[in-house]
Amino acid sequence: MIVGYVLREALRRRVFAVVLLLTAVFLVLFWVANHYVHGELRTLQVPQDVPVDARTFASAFLGGLALFATMFLGVVLAVFLTLGAVRGDAERGLLQPLVVRPVGRSTFLVARFLGAVAVTAPYVIVVDLAAVVITGLTMHWWPDRIATPAVEVACAVAIVTALALLGSIFLSSTANGIAIFMLFGAGLVAGLLGTIGHVIGSTAIRHASTVAAYLTPFEALYQDALRQLTSSTTGLTGFLLQLGPFGGAYVHGWPVRLWAAAFFVLVGVTALLAFRRRDL
Amino acid sequence: MPAALAVRDLAKRYGAVTALGGVDLEVVEGELVGLLGPNGAGKSTLVKIACGLVRQTAGTAEICGAPAGSTAARARIGYLAELFRFPGWMSADEVLVLHQRLSGSSGGERERTDLLELVALREARGRRVEEMSKGMQQRLGVAQALVGTPRLLLLDEPTSALDPVGRRTVRTLLEELRARGISVLLNSHLLSEIELVCDHVVILLGGKVVAAGTPDELSRPRGIELETDRGTRMVEGTREDVPRVVADAVAAGELVYGARTRQSTLEDVYLEAVGGETS
């Protein structure tokens, strides 16, 4: 019931209309980019002694770019659906009439999360698959894994959603929005630093970025998803892709995925406990 | 049967600020209790603890025997916050449907029709909240609080946005609720309103109860108002003193036109209790 309330509110506020319009613009621009890159590739001369598959390199790069854009759009959508869920709505007087009802605070918070994920997860998966199809049809290249990266990015967005809900218990809407986007940005920067650290062989940077990846598991999941786009690509092409920025993960695999799940549960439990004790 | 609301030694501190400093209060079945006090006296905090929005620092608050804030307690209350808002895109009917589902009410369309009629909003059933005046939204808030037939209604400034007609509608509604056996805790700045409808009045100041009782118990004789050819003045005394006061005035050569005993109003009692505190 509350999930439906969240969805209807988003619908009435024309969130979906704006998102669909901007997503359509993004996909059209992405198709244009693919089209021109494909055209350029036909005239590109790779030296005989450089064993690089230019089409795979360019297509995987575009695929990585699409994955980043999809995650960014998903995060924006998730944050704006949840940034004022508790304190923001309480300050506006929207929350109190709802939580005094027998349904309870925990149910309310879980429903707010599910409502947001019911929007963001299908959105991320559909947009990512659309981007894959655009690249596939235009560049005649398909990623090594198709479904798993989309699901992983959807999970990454779900973690950001949980963080935004947790933040909404303590922070005003504006402060929470700023905090979550800064955290998201910090994760991305740490990911890029980690890639650079691995390329130049810097132990200190690698160590710092590994810690950062575990502190921001949504970024680690995104890196893991990137890696899977070209998981079977080998040779110099694979090596160049790993250099980034859309190449792959220095922290990856099941340890990261399990930690992301544990982190999500930790954030969720903290949010539920904090909301139960919060004076409104 | 346990009281609709039983508060014992209730305290709430926000850091160094004491909002409530040990309050005792009881609202029995079918009783209408008015809560008075200046801003910051702790009235809203008390109401919020009763409906589970705020956790007390010490003491107990029970709704029909269940701890305030528990599921059982929340199932028995209706609450209208001082500052509340419904989503602007919802119609009056949709707001009530949402609250019926949240409260588990099986009243259906009949309940919604009755409630909208009760607050004089029947014609606005399909109107969106954003198209309603503030007074209409306030009355919709009262209807929302009544969804599920609560045993205790907690109203925080329910008439602050209403015009005189709207206030009378709510007043009539409160009297009807009392007749149905629903208990009401009414937090209001409008002394005349409290005086007109409440069975019991509690005055808070600085988080403590400074006066409590029925309006009659709280009011005291203020003296005798004597109207003569020399003007109108107050003379000390009670009803028994009226003949003597009149005789003294006549003996002094005054022409007496009238003599009435005066009781202190709730406003007098309130001002005396809160001293110089502004509301």
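The notes below deal with the structure included here. (Residues numbered from 1 in each chain as written. Chains lettered and ligands numbered in written order. Predicted model: local features only at pLDDT ≥ 70, side-chain atom pairs only at ≥ 80, totals over all residues. Heavy atoms only, no water.)

Some thoughts on the overall build of chain B
Phase 1: Looking only at helices and strands, chain B has 10 helices and 13 strands in total.
Phase 2: Put simply, chain B has 279 residues, and 49% of those count as buried.
Phase 3: Taking the contacts inside chain B whose residues are at least 6 apart along the sequence as the reference set, 66% of them involve residues at least 24 apart.
Phase 4: Surface accessibility of chain B: about 12,700 Å² in total, with carbon and sulfur atoms responsible for 47%. (Helix = DSSP H or I, 4+ residues; strand = E, 2+ residues; numbered from the N terminus. Buried < 20%, exposed > 50% of the residue type's maximum accessible area, 1.4 Å probe, protein only. Contact = heavy atoms within 4.5 Å. Areas by Shrake-Rupley, 256 points an atom, 1.4 Å probe, with all protein chains shown as cover.)

Side note on the pairing of strand S8 (residues 183-187) of chain B
Where a strand is regular, its side chains alternate between the two sheet faces.
Residues and elements named next belong to chain B.
Phase 1: Among the 5 residues that make up S8, 5 are buried, leaving the element largely enclosed by the rest of the structure.
Phase 2: Here S8 shows no split at all, with Ser 183, Leu 185 and Asn 187 on one side and Val 184 and Leu 186 on the other all buried.
Phase 3: Relative to S8, strand S7 (residues 152-156) is paired through 5 bridges, and the arrangement is parallel. Bridge pairing links Leu 153 to Val 184 in S8.
Phase 4: With respect to chirality, the unit in which S7 leads through helix H6 (residues 164-179) into the neighbouring parallel S8 is right-handed. (Pairing = 2+ DSSP bridges. Right-handed = clockwise from strand over helix to strand, strands pointing away.)

Some thoughts on the interface of chain B and chain A
A common measure of how large an interface is: the accessible area buried when the components associate.
Phase 1: Each side of the interface is counted separately: chain B has 30 residues, and chain A has 24 residues.
Phase 2: In this assembly, chain B packs against chain A so that about 2,500 Å² is buried in total across both faces, 59% of it on carbon and sulfur atoms.
Phase 3: Considering only the side of chain B, the residues that lose the most area to chain A are Leu53(B), Trp89(B) and Leu102(B), jointly responsible for 30% of the buried surface there.
Phase 4: Along the contact surface separating chain B from chain A lie 1 salt bridge.
Phase 5: Counting residues per element, the side of chain B that touches chain A draws most heavily on helix H3 (residues 92-103) of chain B, which supplies 6 residues.
Phase 6: Looking at the side of chain B that touches chain A residue by residue, the class counts come to 17 nonpolar, 5 polar and 8 charged. (Buried area = accessible area lost by both parts, 1.4 Å probe. Salt bridge = Lys/Arg side-chain N within 4 Å of Asp/Glu carboxyl O. Nonpolar A, V, L, I, M, F, W, Y, C, P; charged D, E, K, R; others polar.)

Overview of the sheet that holds strand S1 (residues 5-14) of chain B
All names here are of chain B.
Phase 1: Overall, antiparallel pairing links the 4 strands, which are arranged S2-S1-S4-S5 in an open sheet. What marks the edges here is a single partner per strand, and that holds for strand S2 (17-27) and strand S5 (66-67).
Phase 2: Bridging between S1 and strand S4 (residues 58-63) involves 5 bridges; their strand directions are antiparallel. Across the sheet, residue Ala 11 finds its bridge partner in S4, namely Ala 58.

Focus: the state of the cysteines
Residues and elements named next belong to chain B.
Phase 1: Taken as a whole and assessed by the stated rule, the structure comprises 0 disulfides over all chains.
Phase 2: With no disulfide of its own, Cys 198 has Cys 51 as its nearest cysteine by sulfur position, at a separation of 18 Å.
Phase 3: Taking relative accessible area as the criterion, Cys 198 reaches 7% and is therefore assigned buried. (Disulfide = S-S within 2.5 Å.)

Topic: a nonpolar patch on the surface
Phase 1: The grouping of Leu129(A), Val133(A), Leu137(A), Trp142(A) and Ile146(A) at the surface amounts to a nonpolar patch, some 440 Å² of accessible area in total.
Phase 2: Here Val133(A) is to be found in helix H6 (residues 105-139). (Patch = residues over 30% accessible without salt bridge, like charges linked within 9 Å, V, L, I, M, F, W, Y side chains within 5 Å.)

Observations concerning unusual backbone geometry
All names here are of chain B.
Phase 1: Although it is not a glycine, Cys 64 sits at a positive phi angle of roughly 50°.
Phase 2: Tracing the backbone shows Cys 64 in the loop between S4 and S5.
Phase 3: A positive phi is found at Glu 157, a non-glycine position, where the angle reads about 50°.

Comments concerning the pattern of salt bridges
Residue and element names in this part refer to chain B.
Phase 1: The full count for this structure, using the stated rule, is 22 salt bridges over all chains.
Phase 2: Close ionic contact of Glu 109 with Arg 125 constitutes a salt bridge, the shortest N to O distance being 3.9 Å. Within this pair, whereas Glu 109 is found in helix H4 (residues 108-118), its partner Arg 125 is found in the loop between H4 and helix H5 (134-145), the two being separated by 16 residues in sequence.
Phase 3: For Glu 227, the salt bridge is made with Arg 260, and the minimal N-O distance between the two is 3.5 Å. Taken together, the residues span a long stretch of sequence, with Glu 227 in strand S11 (residues 221-228) and Arg 260 in strand S13 (residues 256-263) at a distance of 33 residues.

Thoughts on the sheet that holds S11(B)
Residues and elements named next belong to chain B.
Phase 1: A sheet is described by the order of its strands in space; here 3 strands give the open sequence S12-S11-S13, paired in antiparallel fashion. Each end of this open sheet is capped by a strand with a single partner; those strands are strand S12 (231-235) and S13. Between one strand and the next, the sheet's axes are offset by a mean angle of 20°, whatever the strand orientation.
Phase 2: Pairing analysis gives 5 bridges linking S11 to S12, with the strands arranged antiparallel. When the sheet's bridge partners are listed, Glu 225 is paired in S12 with Met 234.
Phase 3: Where helix H9 (residues 242-251) meets the sheet, it contacts S11, S12 and S13, and its direction lies at approximately 145° from that of S13. (Axes fitted to C-alpha atoms, helices over the stretch in contact; angles between N-to-C directions.)

Section: H4(B)
Phase 1: Considered for burial, the residues of H4(B) that qualify are Glu111(B), Arg112(B), Thr113(B), Leu115(B), Leu116(B) and Leu118(B).
Phase 2: For H4(B), the secondary structure elements touched by its buried residues are H3, H5 and H6 of chain B.

Some details on the packing of helix H3 (residues 54-82) of chain A against helix H8 (residues 173-200) of chain A
All names here are of chain A.
Phase 1: Orientation of H3 relative to H8, taken along the N-to-C sense of each, is 160°, at an axis distance of 10 Å. As judged from the angle between their axes, H3 and H8 are roughly antiparallel. The two elements H3 and H8 cross, and the hand of that crossing is right-handed. Here H3 contributes Phe 68, Met 71, Phe 72, Val 75, Val 76, Val 79, Phe 80 and Thr 82 to the contact with H8, which in turn contributes Asn 176, Gly 177, Ile 180, Phe 181, Phe 184 and Leu 188. (Parallel < 35°, antiparallel > 145°, perpendicular 65-115°, else oblique. Left-handed = near helix turned anticlockwise from the far one by under 90°.)

Some details on helix H10 (residues 217-229) of chain A
Residues and elements named next belong to chain A.
Phase 1: Taking 1.5 Å of rise per residue, 13 residues should cover 18 Å, and H10 covers 19 Å from first to last C-alpha, within 8% of that figure.
Phase 2: Looking at H10, one finds that the buried residues are Pro 217, Phe 218, Glu 219, Ala 220, Leu 221, Tyr 222, Gln 223, Asp 224, Ala 225, Leu 226, Gln 228 and Leu 229.
Phase 3: Next to the buried residues of H10 lie H3, helix H7 (147-170), H8, helix H9 (203-215) and helix H12 (254-277). (Expected span 1.5 Å × (residues − 1).)

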